[in-house]
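# A structural walkthrough
The residues making up each chain are set out below.
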Amino acid sequence: MASKNNNSVCEDKVYSHIFTTNAKTVFNYIYYKFGNEEKANDAVQEAFLKLWENCAKVSPEKAKSYVYTIANNLYLNVLKAEKVRLKHADKTLKVSNESPEFILEHKEYQDKLDAALNSLPENQRTTFLLNRIDGKKYAEIAEMEGVSIKAIEKRMHLALKSLREKIDGI
Amino acid sequence: MQENYLAKWLNGELSEAELSEFKKTDEYASYQKIIEASTFLEAPKFDTEKALIDIKVKQQNNNSVKVVKLSPIKKLMRVAAAIAILITGTYFYMNSLNETITTLYAERTEITLPDNSEVVLNADSKVSYSIKNWDTKRNIDLDGEAYFKVAKGKRFTVATDAGTVSVLGTQFNVTQRDGIFKVTCFEGLVSVLFNNKETKLPAGTSFLVVNGQIKDIKAPNTSEPSWINNESSFKSIPLSYVLNELKRQYNITVETKNINTDKLFTGSFSNTNIDLALKSISVPAQIKFKLEGNKVLFYAEKTH
């Protein structure tokens, strides 16, 4: 039952806005967790459909965390984390006049980073990538994951620590 | 250095002193490099516009389902449909129910099956069969003892917990109770399936199993089981079974004292005269009996 309130999630404008600003992050969030692109796409669809069905009950302010909760719960017990296959852009390299040695070294390093990311626990990887790729603040990640900011700082700290240990071969 | 300093460092939350201390460490360059390299990371492509269109389509589909309201007539039809299903279900259920005939102690009954085959059911016995399916499958379940005169036709099967007896058209007796499974063929040919092994019984032969053991017994010289003529006959049958049969035929309580009821008994007793029956059992078995009302006690003879 659609509310007459202009600020209701049931309003097409409000809903579309919430979707456009959050869909990509929901997708990334699930992708970082489970490394499965198809499931990440499904999660976006399912989570936002649920939001639509319950648009009268969820306020626009709560919509964001509602969607993350749904997306997260969806695969919590079903999916086992697969390998994340992140792509790295060669944006700098395209226009670079770097030496071939540098390019090779760069590629090798990125491969190492990839492997190290794959071996991280799911929650550390998700926190690290949401921060580095999506530029999410610790507070935002904490909201998505439903934990304290301090817990996210801890995950970030541990993620960096073990990334270095893996890459430096300690 | 404060807790989770790496996270603080990334967020620019380290104090100047902490930062300069961190920069002096060997790891600093490594962390710097990781952060630099991570700027090249990219998530897979995600088409927000297309995803939004997809979701709008799904919303429409969901809405069209949501909007459907049941008119009172539809509701009524629902109820009618439910009742119709219930009635049909009950009808088929009742039809598929087996016809069951049971005899009590000291009772005997004769049944004529749909194909005019005859069954005489001895005391404390039960048969059940499906009238509806009788034309396609002549199958009858037996618990106790019964004598069959089977009309010629398709395979006729008597199923008991101990074994299965099947014939085409003949006269035979089946007993299955108290660890005894006995089949006697009086006419034609009977096939007995016991423990997945088939035995063919021509007319005038018997098949006996006592407590899972197949026993050799001689063929009876009669054209019908003796109980049809109100006499219970036994050949090498444990006394306990004989006493149970007495109980069934006269509906009395039987007790024993100092008697080995595993002893085998050969002989017969009348099903109509209890005094005669008690004597017929006690004399050959060399035991004594005391009849008080509905209770009979068999006891061993004292040998002072």
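Residues numbered from 1 in each chain as written. Chains lettered and ligands numbered in written order. Predicted model: local features only at pLDDT ≥ 70, side-chain atom pairs only at ≥ 80, totals over all residues.

## Looking at the sheet that holds strand β19 (residues 295-300) of chain B
Residue and element names in this part refer to chain B. Just so we agree on the cut-off: When DSSP finds two or more bridges between a pair of strands, those strands are recorded as paired. A helix here means a DSSP run of H or I that spans at least four residues, while a strand means a run of E at least two residues long, and both kinds are numbered starting from the N terminus. Simply put, an axis is a line fit to the C-alpha atoms, just over the touching stretch for a helix, and the angle between two N-to-C directions goes from 0 to 180 degrees. Each residue gets a C-beta atom placed from its backbone, and two residues are in contact if those atoms lie within 7 Å.
Here we have 3 strands laid out as an open sheet, ordered β16-β19-β18, and mixed in their pairing. For this open sheet the edge positions go to β16 (253-257) and β18 (287-292), each flanked by a neighbour on one side alone. The sheet shows a mean angle of 20° between the axes of neighbouring strands, direction not considered. As judged from the 5 bridges shared by β16 and β19, these two strands associate in the parallel manner. Opposite Thr 256, over in β19, you have Phe 298 as the bridge partner. In this fold helix α7 (residues 274-285) packs onto β18 and β19, with an angle of close to 155° to the strand it touches most, β18.

## Some thoughts on the interface of chain A and chain B
Often the size quoted for an interface is simply the accessible area lost on bringing the parts together. Put simply, the rule reads: Classification used: nonpolar for Ala, Val, Leu, Ile, Met, Phe, Trp, Tyr, Cys and Pro, charged for Asp, Glu, Lys and Arg, polar for all others including Gly.
Every contact between the two is made by 35 residues of chain A and, on the other side, 24 residues of chain B. Put simply, the parts of the chain that give the side of chain A that touches chain B at least two residues each are α1 (12-34), α2 (37-53), β1 (87-88), α5 (100-118), α6 (122-132) and α8 (149-167) of chain A. Top element by residues in the side of chain A that touches chain B is α8 of chain A. It accounts for 9 residues. Taken together, the residues of the side of chain A that touches chain B sort by class into 19 nonpolar, 7 polar and 9 charged.

## Section: the nonpolar core
Taken as a class, soluble globular proteins show a tendency for nonpolar side chains to be buried jointly. As a reminder, the rule being used: Remark: nonpolar core denotes a set of buried Ala, Val, Leu, Ile, Met, Phe, Trp, Tyr and Cys residues whose joining runs through C-beta atoms within 7 Å. Burial is judged by counting the other C-beta atoms within 10 Å of a residue's own C-beta: 20 or more makes it buried, 12 or fewer makes it exposed, and any count in between marks it as partly exposed, with every C-beta position built from the backbone.
By size, the foremost hydrophobic cluster in this structure holds 48 residues, and its most contacted members are Val 26, Ile 30, Val 44, Leu 51 and Val 67 of chain A. No other element matches the 11 residues that α1 of chain A contributes to this core. Those residues in contact with Ile 30 of chain A that lie beyond four places of it in its chain are Lys 39, Ala 40, Ala 43, Ala 71 and Tyr 75 of chain A. The next biggest cluster of nonpolar side chains, apart from the first, holds 25 residues, and it includes Val 127, Tyr 129, Phe 156 and Val 190 of chain B.

## Regarding the environment of Lys 50 of chain A
In this fold, Lys 50 of chain A is placed in helix α2. For the pair Lys 50 of chain A and Ile 70 of chain A, spaced 20 residues apart in sequence, the C-alpha to C-alpha distance is 7.8 Å.

## A word on the packing of α2 of chain A against helix α3 (residues 60-76) of chain A
Residue and element names in this part refer to chain A. Test applied: With respect to orientation, any angle under 35 degrees is reported as roughly parallel, any angle over 145 as roughly antiparallel, any angle of 65 to 115 as roughly perpendicular, and every other angle as oblique. Here a crossing is called left-handed whenever its near helix is offset anticlockwise from the far helix by less than a right angle, and right-handed whenever the offset is clockwise.
Running from amino to carboxyl end, α2 crosses α3 at an angle of 130°, the nearest separation of the two axes being 9 Å. With respect to α3, the element α2 is oriented oblique. Relative to α3, the crossing made by α2 is right-handed. Note on element contacts: α3 touches α2 through Ala 63, Tyr 66, Val 67, Ile 70, Ala 71, Leu 74 and Tyr 75, opposite Lys 39, Ala 43, Glu 46, Ala 47, Phe 48, Lys 50 and Leu 51. For the contact of α2 with α3, a count of residues per class yields 11 nonpolar, no polar and 3 charged.

## Comments concerning the pairing of strand β4 (residues 118-121) of chain B
All names here are of chain B. By the bridge criterion, 4 bridges tie strand β3 (residues 109-112) to β4 in an arrangement that is antiparallel. Within β4, the residue paired with Ile 111 across the bridge is Val 119. Hairpin geometry of β3 and β4 is characterised by an intervening segment of 5 residues between the two adjacent antiparallel strands and by a positive phi of about 70° at Asn 116. Bridge analysis of β4 against strand β6 (residues 138-149) gives 4 bridges, and the strand direction is antiparallel. Paired with Val 120 across the strands is Tyr 147, a residue of β6.

## What about the confidence of the model for chain B?
Test applied: Residue-level confidence of the predictor, termed pLDDT, takes values from 0 up to 100.
Across chain B, pLDDT averages 84, with 93% of residues at or above 70. Here the prediction assigns the complex a pTM of 0.48, and the interface score ipTM is 0.82.

## Remarks on the confidence of the model for chain A
Residue and element names in this part refer to chain A. Looking at chain A, pLDDT values average 84 and 86% of them are 70 or higher. When pLDDT is averaged over each helix and strand of chain A, the minimum, 52, is found for helix α4 (residues 91-94) and the maximum, 94, for α8. In the predicted structure, residues 1-5 sits below a pLDDT of 50 and forms 6 contacts with residues beyond four places in sequence or in another chain.

## A short note on the environment of Lys 235 of chain B
Residue and element names in this part refer to chain B. Tracing the sequence through the fold places Lys 235 in strand β15 (residues 231-238). Overall, Lys 235 belongs to the partly exposed group, with 17 C-beta atoms counted inside 10 Å. The sequence separation of Lys 235 and Leu 264 amounts to 29 residues, and the corresponding C-alpha distance is 8.1 Å. Aside from chain neighbours lying at most four places away, what touches Lys 235 is Ile 217, Lys 218 and Thr 266.

## Comments concerning helix α6 (residues 239-250) of chain B
Residue and element names in this part refer to chain B. Definition in use: To estimate how far a helix should extend, the number of its residues minus one is multiplied by 1.5 Å.
For α6, which comprises 12 residues, the first-to-last C-alpha distance of 17 Å matches the rise-based estimate of 16 Å (1.5 Å per residue) to within 8%. Across the 12 residues of α6, 9 count as buried, placing the element largely inside the fold. With its phi angle positive at about 55°, Asn 251 sits one or two positions after the end of α6.

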